[in-house]
Amino acid sequence: DAGITQSPRHKVTETGTPVTLRCHQTENHRYMYWYRQDPGHGLRLIHYSYGVKDTDKGEVSDGYSVSRSKTEDFLLTLESATSSQTSVYFCAISFGNGTGGFNQPQHFGDGTRLSIL
Amino acid sequence: DAKTTQPNSMESNEEEPVHLPCNHSTISGTDYIHWYRQLPSQGPEYVIHGLTSNVNNRMASLAIAEDRKSSTLILHRATLRDAAVYYCILRDVQGGSEKLVFGKGTKLTVNP
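So, here is what we can say about the structure in this document. (Residues numbered from 1 in each chain as written. Chains lettered and ligands numbered in written order. Predicted model: local features only at pLDDT ≥ 70, side-chain atom pairs only at ≥ 80, totals over all residues. Heavy atoms only, no water.)

1. Considering the side chain of A:Thr112
All names here are of chain A. Using the following cut-off: Helix numbers and strand numbers start at the N terminus; a helix is a DSSP run of H or I with at least 4 residues, a strand a run of E with at least 2. Three labels apply to residues, based on accessible area from a 1.4 Å probe with only protein chains included: buried if under 20% of the type maximum, exposed if over 50%, partly exposed otherwise in between. Nitrogen and oxygen atoms within 3.5 Å of one another constitute a polar contact, given that in protein one can donate a hydrogen and the other can accept it, and given that sequence-neighbouring residues count only through two side-chain atoms. By definition in these notes, contact holds between two residues if any of their heavy atoms fall within 4.5 Å.
Its place among the elements puts Thr112 in strand S11 (residues 112-116). In this structure Thr112 comes out as buried when scored by relative accessible area, which is 0%. From its side chain, Thr112 meets the backbone oxygen of Pro8 in a polar contact 2.6 Å long. When residues no more than four places from it in sequence are discounted, the contact partners of Thr112 are Gln6, Ser7, Pro8, Arg9, Leu21, Ser87, Val88 and Tyr89.

This is the structure we're talking about:
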């Protein structure tokens, strides 16, 4: 168990409201990632972080922002939720002695199921 | 995108070996081949990864072709708990941005 926790596990909210999802790790890994998974699209990278206050965009970053003020927490915010952001969101961290990057294995959380009505 | 090609589905019987193939003809010289699996209603789970040599761990073995354009994930004795979608994944680098490209994977059914 890589000690990764996502919260909340389920959320239902209305269009236009801000939503923040939290990913917490206890392993002190440098790299953390946010993905979304939708039928027919597989997993797609939203944003990732390579250290405290160091983040970068993934392939589907529009409408999302992230923050990492400490090593253990990576927050994903939907600034104004839309129905197209209804999805299952997965956080991941990289293994590998505190280093990481996309050539290192990733460990995933159990996901947050988000429904936007 | 760094593309991989996998069969959509495969079927196996319990306690028999399973060989899951993956083609990745555009792989670059420094990229690892990763395998993950995903059980229903769970997040993806790391299975194994390798660069050039065959790799073994407690979950599976990874056989990599000499030219690295294909690989095979081997489950030595399938169990019902191995029923999942298996993803063969490469790193994709475009314009300085990196990502792992998760395709549709292979859905493995294990029959009792």
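2. Overview of the pairing of strand S5 (residues 42-51) of chain A
All names here are of chain A. Keep this limit in mind: In short, DSSP must find at least two bridges between two strands for them to pair.
Counting buried positions along S5 gives nine out of 10 residues, so the element sits mostly inside the fold. Alignment of strand S4 (residues 32-38) against S5, held across seven bridges, turns out to be antiparallel. Looking at the pairing, Arg36 lines up with Arg44 of S5. Counting the residues between successive antiparallel strands, the hairpin from S4 to S5 contains three residues, one of them, Gly40, with a positive phi of roughly 85°.

3. Points about the sheet that holds strand S3 (residues 19-25) of chain A
Residues and elements named next belong to chain A. Note the following rule: Angles shown run from 0 to 180 degrees and are taken between the N-to-C directions of axes, each axis being a line fitted to C-alpha atoms and, for helices, limited to the stretch in contact.
Reading across from one edge, S1-S3-S8-S7 is the order of the four strands in this open sheet, with antiparallel pairing throughout. Here the strands that pair on one side only, and so sit at the sheet edges, are strand S1 (4-7) and strand S7 (64-70). Taking each pair of neighbouring strands and ignoring which way they run, the sheet shows an average axis angle of 20°. In terms of strand pairing, S3 meets strand S8 (residues 73-78) through six bridges, oriented antiparallel.

4. Considering the nonpolar core
Taken as a class, soluble globular proteins show a tendency for nonpolar side chains to be buried jointly. Rules: We define a nonpolar core as any set of buried Ala, Val, Leu, Ile, Met, Phe, Trp, Tyr and Cys residues linked to one another through side-chain atoms lying within 4.5 Å.
In terms of nonpolar packing, the biggest core is built from 21 residues, with B:Leu20, B:Ile33, B:Trp35, B:Leu73, B:Leu75, B:Tyr86 and B:Leu108 touching the most fellow members. Going through the elements one at a time, strand S2 (18-23), strand S3 (33-38), strand S4 (45-50), strand S6 (61-64), strand S7 (70-75), strand S8 (84-89) and strand S11 (106-111) of chain B are the ones with two or more residues in this core. With residues near it in sequence (within four places) discarded, B:Leu108 still touches B:Met10, B:Glu11, B:Ser12, B:Val18, B:Leu20, B:Leu75, B:Asp82, B:Ala83, B:Ala84 and B:Tyr86. Residues A:Leu21, A:Cys23, A:Val66 and A:Phe74 belong to the second largest nonpolar core, which totals 19 residues.

5. Section: the pairing of S11(A)
Consecutive side chains along a regular strand alternate between the two faces of the sheet. All names here are of chain A. The side-chain alternation of S11 yields one buried face, formed by Thr112, Leu114 and Ile116, and one unburied face, formed by Arg113 and Ser115. Summarising the sheet, strand S2 (residues 10-13) and S11 pair through four bridges and their orientation is parallel. Note on S11: the bridge partner recorded for Lys11 is Leu114. Inspection of the sheet shows strand S9 (residues 87-94) paired to S11 by three bridges, in the antiparallel sense. Looking at S11, one finds that Tyr89 is bridged to Thr112.

Remember that the coordinates give geometry; whether it matters functionally is a separate question.
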